[in-house]
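Examination of the molecular architecture
Listed below, chain by chain, are the residues.
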Amino acid sequence: MAHSIVILAAGYGTRMKSTTPKVLHKICGKSMISHIVSQVQKISDDITVVLYFEHEIIQTELEKEFKGINFVIQDVQNYPGTGGALRGIEFKNDEVLILNGDMPLIDETALMPLIQSDADIAMSVISLQNPSGYGRVVIQDGRVKKIIEQKDCNKEQLAIQTVNAGVYKIKKELLKCYIPMLSNNNASKEYYLTDIIELGVKDGVIIKPVMVNEDKFKGVNTKYDLAKAEEIMQNRIKKEWMEQGVIMRLPHTIYIDKDVEFIGECILENGVTLLGKTRIENSHIKSHSVIEDAKIKNSTIGPIARIRPQTTISNSHIGNFVEIKKSNLDGVKAGHLSYLGDSTIKQGSNIGAGVITCNYDGKAKYQTTIGENVFVGSDCQLIAPVTIHDNAIIAAGTTVTDDVQSGELAISRTPLRKIKDFYYKFFK
């Protein structure tokens, strides 16, 4: 049976203590709500996101990444709460899966037991040693009898350890029937989606609990929760790639964004950070290197190198304290202490220590092009725009301001002066 999906993301997220909307806080390089949408798109083509606070920002961000999502702006003035969020929404399919926008660890497989349940209403539940902060679930004879929000619990009810994990599958016709019947006669003066359970019980509706994995249904309400959720997702990401053959030294020290890709034999040493849509192919990334939105193939990087966005490196050795930005290097050696920005460097060229491409004049960026088999000596400045053609040599300490032709030596040094006995005179 086909399912519609609705994601509730209208809350203020005040406990995050941030000007960023809660669902846009990132885990492993992607917003929390982006993680959810990417998973539920595998299940349904009818996805609705309910928004209110900062809805323009959230909708804009989602539309950059996803197509075909329906957006509804909740009328929180008249109908606050999770029940109010569903008021007036038309769903295409006969069953509706309801999720919260702050559950970034959920995935397609975790949702399948809910979808496959034959109950009129299936709700996710977890058992917690410390259930503080969650709505309590009363279960009798394998059926859900009641959900009580923590703020409305008495002392006996607070001791219940089975809690509401916040995801439901409900038949569309039941939603149409019960949403208008919800009342806001409670401590928060809100319309609770959970009250549908009580209405369904009175009518003899089959409501079954589905026990789920706490890690996958973890809600994020504070920045501490955010950090713990990211830790869980990091472990998932690294486990998946190691099972596919990536070697990781001290993996708990490594950080990998969700969209990073590995191909072939890859080695990551301790402290490596891989960000954005980085792709690593048959390469060795050494300790404490940072690579962001770059492509690395058949190369060694680091230790302590920084590869910035829009960089492609192939068949090269990039050593320690080298920073590369928006450049294309193929068959290059840059062993240490260099900055290469807005550059194209071809096969067989060697970049000495302390070489800098001076690519910015305070107004605009300019390109440096270095051909094949070029030797750039230590401590050179290449003032862009500039081209150094094949088989050229740049002597150590040279500032290059004009193009260098094939076969030429470029050298710019002031004459060396030596003053006899100056040391003794200076310290006299």
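Residues numbered from 1 in each chain as written. Predicted model: local features only at pLDDT ≥ 70, side-chain atom pairs only at ≥ 80, totals over all residues. Heavy atoms only, no water.

Turning our attention to the pattern of salt bridges. Tallied over the full model, the rule gives 17 salt bridges. As a salt-bridge pair, K92 and D45 come within 3.4 Å of each other at their nearest N and O atoms. Taken together, the residues span a long stretch of sequence, with K92 in the loop between α3 (81-85) and β6 (95-100) and D45 in the loop between α1 (32-40) and β4 (47-51) at a distance of 47 residues. The exposed category is assigned to K92, whose relative accessible area is 52%. With a shortest N-O distance of 3.5 Å, E269 and R249 are connected by a salt bridge. In this pair, E269 sits in the loop between β15 (267-268) and β16 (273-275) while R249 sits in the loop between β12 (247-248) and β13 (255-256), placing the two residues 20 residues apart along the sequence. Overall, the relative accessible area of 9% leaves E269 in the buried class. (Salt bridge = Lys/Arg side-chain N within 4 Å of Asp/Glu carboxyl O. Helix = DSSP H or I, 4+ residues; strand = E, 2+ residues; numbered from the N terminus. Buried < 20%, exposed > 50% of the residue type's maximum accessible area, 1.4 Å probe, protein only.)

Relative to strand β24 (residues 317-325), strand β21 (residues 300-301) is paired through two bridges, and the arrangement is parallel. Each bridged residue has a counterpart across the sheet, and for T300 the counterpart in β24 is H317. As paired elements, strand β22 (residues 306-307) and β24 share two bridges and run parallel to each other. Its bridge partner lying in β24, R306 is registered against E323. In this sheet, strand β26 (residues 333-341) lies alongside β24 in parallel orientation, the contact comprising seven bridges. Residue pairing across strands places H317 opposite K333, the latter belonging to β26. (Pairing = 2+ DSSP bridges.)

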